[in-house]
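Structural features, examined
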Amino acid sequence: MRITQNMMSNIFTSNLRKQTEAMLQRQEQIATQKRINRPSDDPSGMGRVLAGRSTLATIGQYADNIKQGKTRLEFNEETLKLADDLVQRARRTAEENSGDSVTAEERALAAESVKEIYDQVLQLANSKLNGRYIFSGDKSNEAAFTRDVDYNATYNGDAGSFRIPIADNVQVNVDADGRNYFQDAAGGGVNIFDELRDLIVGLENTDLAVGSTQIRATIDPLEDAHVQIMNKRSEAGPKLYRLQATEEHWANVKNTVQAAIGREEDVDVAQAIIELKNLETAYQSTMAAASRIIQPSLVNFLK
Amino acid sequence: MTHLFGVLSTATSALLTHQRAINVTGNNIANVNTPGYSRQRLNLETGTPTQTGLGMMSFGVTSTDVERVYDRFLGVQLNNENANLGRWEAQKGMLDRVEVVFDESAGYGLNQALSDFWNSWQDLSLNPEGQTERSVVAATSQGLADAIRQKYNDLEQVQEDIDTAVEGDVEAVNRLAAQIADLNQKIARTEIGGTNANDYRDSRDFALKQLSEIIDIKSFEDASGQAVVSVGDGRPLVESGNTWKLSTQTNTDETTANFGHTDILWPDVNGGLVNISGEVGGGRIGGWLQTRDTKIAGYQAQLESLADGLILKVNDLHDDGFDLNGGPGAQFFTGTGAADMQVNPDVLADPKLIAASLTGAAGNADNAIAISALRTSLTMNDGTATFDAAANSLVGQVGYDVQTAKANAGHQADMMTYLENYRESVSGVALDEEMVNLVKFEAAYNAAAKMVSMADEMLNSLMNMIR
């Protein structure tokens with residue numbers, strides 16, 4: 001075959017181009033620490049990376065939701081614990097003042113303290129978390145309970161519940177219907193506000209004997225109220241556990257997905273450096289060879 | 001018939017012929033880097049023989065013609081492969097720009113915009129009265145609409161750039177066609193006298209090669225040595241000295257894929273114009289048209305169906321809900337598709353209008369939950385894919401197309417290097433070879449000169465005899 005100078009320089013330049021291109025790619029991979037720097041580097045790998053990122057974003061959101069859900073449950077728990085203490089204090093007041101020997105003055109003092117208890121329970125039932133009433137169902141922008149001057153409480157909310165999305169189409173419901181906690185109308189339980197009102201009425205009754213009967217009538221229901229609140233509190237336990245377990249599950253999935261994305265798009269740095277080294281050697285030998293072959297021609301030897 | 005003057009004339013012919021040979025060699029050396037140049041060779045012949053007492057003898061040397069060394073079949077193959085190279089290079093160039101539009105590797109793209117959108121609805125579902133959450137939903141929704149709209153418009157921009165590029169290249173086609181027609185005539189005029197129009201032919205071959213890179217052509221040489229060139233489905237572009245001038249026009253037919261973009265027109269005998277856009281499959285123009293009308297139009301269709309699906313599904317749910325004022329949900333997304341998708345400006349201005357509630361109660365979040373649940377429902381591709389999957393697969397498809405174009409362009413470039421080298425091997429100038437020839441011709445010239453001086457001496461001796 002006839003070989004001309006142009007053929008040599010053509011092949012030389014085309015090879016140099018390929019080698020510098022490959023070196024540039026390795027250099028980019030090492031600099032970004034990524035194997036996939038644009039979709040065309042590996043279209044199907046990029047697809048898996050993107051799917052992984054969607055999953056990560058979803059998981060991140062669920063983890064955030066769960067954090068908010070836990071806050072909500074813990075806040076509920078804290079509120080109910082205080083309400084429970086108050087209810088038990090009311091019951092003790094009832095017990096202490098149910099005897100016939102208690103004077104009218106003592107009962108009047110006790111009535112004042114039960115009124116305080118009533119308003120504190122009312123305040124707890126109207127607790128707000130992040131600006132929302134937690135016991136008024138979906139009507140979370142309205143106070144759950146209000147009372148009139150005669151201590152008759154009215155529920156202003158509805159039957160809605162607080163829902164925490166923890167997985168695709170799965171939600172944990174936290175009961176936000178205040179009636180189930182403080183009035184338990186549906187469950188046939190104790191209306192705490194009514195019992196406290198009856199206790200106040202009994203304590204303030206000028207006929208001390210009738211008052212004693214009225215006071216005694218509230219002792220058992222107030223004990224039941226304690227049980228009712230305890231029951232609602234115990235509902236939170238399994239829910240918290242479920243949130244905790246789901247959170248851990250998502251943390252594990254997150255690690256798995258992150259590892260999968262890493263395997264897909266991260267570069268094996270050692271490998272890339274070795275490849276770069278090889279390419280460098282090839283590049284330098286191409287140059288060395290070219291400088292020996294391209295330079296001389298017969299012209300240099302004709303004198 | 002041998003005489004002393006015969007020796008002189010033999011030497012003269014040798015001097016002249018080798019001088020010519022040195023000239024041809026010099027020309028080869030001068031054109032060693034001229035693109036399209038084919039090395040030339042002086043064909044030598046012995047002088048016309050005459051009858052002498054010793055039999056037939058020829059005296060001296062003559063040159064018959066200067067011939068260019070080339071492989072006539074290689075030209076066609078080079079042109080075909082060059083058309084393929086032009087096509088893939090053009091696709092690669094434009095798709096590279098499309099890939100930038102869909103660059104998700106850094107994490108800011110459709111994928112991110114969609115995730116942000118769904119997540120903001122979930123955030124809202126946890127606190128449906130929250131002003132912050134509502135503002136974030138409005139912002140991420142607008143972000144998503146912007147991302148889709150901007151990608152759609154960026155694709156449109158690439159298509160328009162292709163239009164401009166095609167228009168420029170059609171001009172180049174016309175210029176090269178005129179050049180080829182001109183060379184056709186020059187070659188005909190030169191060769192009618194029996195000489196080879198070597199340099200004109202080189203120029204014409206080179207022009208054909210340039211033309212084939214721009215548009216796929218079919219060409220052959222007719223009996224009189226004139227190149228006949230046709231484009232598309234056998235539509236003549238050059239015949240001897242005549243050319244058919246291509247023109248461009250913006251497509252106004254809404255039913256076609258390239259509505260609003262440039263078409264290529266070919267003039268028929270009746271002065272009418274024929275649209276040949278669909279017939280051009282190769283060369284740079286072919287690659288561009290394919291990118292514009294098949295690839296990019298396809299991506300746009302996918303963006304369109306993503307936008308349509310989002311507008312339809314989200315609006316459907318949003319309409320059923322109630323905003324924070326207790327009023328029925330307004331239209332959430334406005335616009336009819338990817339080109340003009342927007343969040344309803346009223347909602348953007350007053351995020352209270354976002355209908356998170358399904359009952360009218362401010363704290364109800366069922367509608368926000370329903371909208372965020374769209375993420376997992378199979379709404380796209382005839383109910384087989386989620387919105388996220390459809391967006392991701394679009395990115396994957398762009399990547400795949402770029403990869404294919406890159407691979408093919410690389411392969412085609414290798415092929416061209418090989419063919420160019422083969423052509424170079426036949427027609428290229430090898431400097432060493434020319435140097436050898438130079439030395440060879442110089443030696444012959446020197447020897448011929450020696451012959452003249454020797455004949456001179458002989459003549460002197462002869463003259464001295466009669467003094």
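Up top is the structure these notes are about.
What comes next concerns the included structure. (Residues numbered from 1 in each chain as written. Chains lettered and ligands numbered in written order. Predicted model: local features only at pLDDT ≥ 70, side-chain atom pairs only at ≥ 80, totals over all residues.)

Moving on, we come to the overall build of chain B. If you tally the helices and strands in chain B, you get 10 helices and 13 strands. Here the C-alpha atoms of chain B give a radius of gyration of 37 Å, more than 25% beyond the 23 Å that 2.2 N^0.38 yields for 467 residues. Projected onto its principal axes, the C-alpha positions of chain B cover 140 × 50 × 35 Å. The 467 residues of chain B split such that 40% are buried. Restricting the contact set of chain B to residue pairs at least 6 apart, pairs at least 24 apart contribute 69%. (Helix = DSSP H or I, 4+ residues; strand = E, 2+ residues; numbered from the N terminus. Rg over C-alpha atoms; globule rule 2.2 N^0.38 Å. Buried ≥ 20, exposed ≤ 12 C-beta atoms within 10 Å, placed from the backbone. Contact = placed C-beta atoms within 7 Å.)

The helix and strand tally for chain A stands at seven helices and six strands. Moving toward the C terminus, one meets the helices and strands of chain A in the order α-α-α-β-β-β-β-β-β-α-α-α-α. Counting only C-alpha atoms and orienting by the principal axes, one finds that chain A spans roughly 145 × 30 × 25 Å. Of the contacts formed within chain A by residues at least 6 apart in sequence, a portion of 66% connects residues at least 24 apart.

In this section: the pairing of strand S5 (residues 217-221) of chain B. Residue and element names in this part refer to chain B. Pairing of S5 with strand S6 (residues 227-231) involves five bridges; the strand directions are antiparallel. Paired with Ile217 across the strands is Val231, a residue of S6. Here S5 folds back onto S6, and the loop between the two strands holds five residues, one of which, Gly225, carries a positive phi near 80°. (Pairing = 2+ DSSP bridges.)

Moving on, we get to the interface of chain A and chain B. Listed per partner, the contact involves 46 residues of chain A and 46 residues of chain B. Contributions of two or more residues to the side of chain A that touches chain B are made by helix H1 (5-32), helix H2 (43-96) and strand S5 (161-167) of chain A. No other element matches the 12 residues that H2(A) contributes to the side of chain A that touches chain B. Classifying every residue of the side of chain A that touches chain B gives 16 nonpolar, 20 polar and 10 charged. (Nonpolar A, V, L, I, M, F, W, Y, C, P; charged D, E, K, R; others polar.)

Next up on the list: the packing of helix H5 (residues 198-214) of chain B against helix H6 (residues 283-320) of chain B. For any two helices packed against each other, one specifies the crossing angle of their axes together with the interaxial distance. Residues and elements named next belong to chain B. Interhelical geometry of H5 versus H6 gives an angle of 0° and a closest axis separation of 3 Å. With respect to H6, the element H5 is oriented roughly parallel. Residues Ser212, Glu213 and Ile214 of H5 lie in contact with H6, whose contacting residues are Gly283, Arg284 and Ile285. Split into classes, the residues belonging to the contact of H5 with H6 amount to two nonpolar, two polar and two charged. (Axes fitted to C-alpha atoms, helices over the stretch in contact; angles between N-to-C directions. Parallel < 35°, antiparallel > 145°, perpendicular 65-115°, else oblique.)

This part is about the sheet that holds strand S10 (residues 262-267) of chain B. All names here are of chain B. Taken in spatial order, the three strands make up an open sheet running S9-S10-S11, and their pairing is antiparallel. Two strands lie at the open edges of the sheet, namely strand S9 (247-250) and strand S11 (273-275), each paired on one side alone. Going from strand to strand, the sheet's axes swing by 45° on average, the running direction of each strand aside. Pairing geometry for S9 and S10, over four bridges, is antiparallel. Bridge pairing links Thr248 to Ile264 in S10. Here helix H4 (residues 131-191) sits on the sheet in contact with S9 and S10, set at roughly 20° to S10.

This part covers the sheet that holds S5(B). The strand order S5-S6-S7-S8 (chain B) describes an open sheet built from four strands, whose pairing is antiparallel. Two strands in the sheet have a free side with no partner beyond their single neighbour: S5 and strand S8 (242-243) of chain B.

Judged by nonpolar contacts, the single largest core of 89 residues is most densely connected at B:Val98, B:Ile148 and B:Ile180. Of the residues forming this core, the biggest block, 19 residues, is contributed by H4(B). Counting residues in each nonpolar core, the second largest holds 45 residues, with A:Ala94, A:Tyr181, A:Phe182 and A:Ala225 among its members. (Core = buried A, V, L, I, M, F, W, Y, C linked by C-beta atoms within 7 Å.)

This next bit is on unusual backbone geometry. Backbone geometry at A:Gln33 places phi at a positive 60°, although glycine is not the residue there. For A:Gln33, the position within the fold is in the loop between H1 and H2. The phi dihedral of B:Asp382 falls on the positive side, at around 60°, and the residue is not glycine. Relative to the assigned elements, B:Asp382 resides in the loop between helix H8 (366-372) and helix H9 (387-427).

Moving on, we come to H6(B). If you check H6(B), its first and last C-alpha atoms are 54 Å apart, about what 38 residues at 1.5 Å a residue would give, namely 56 Å. The sharpest bend along H6(B) measures roughly 35° and falls at B:Thr291. (Expected span 1.5 Å × (residues − 1). Bend = angle between axes of the 7 residues up to and from the residue.)

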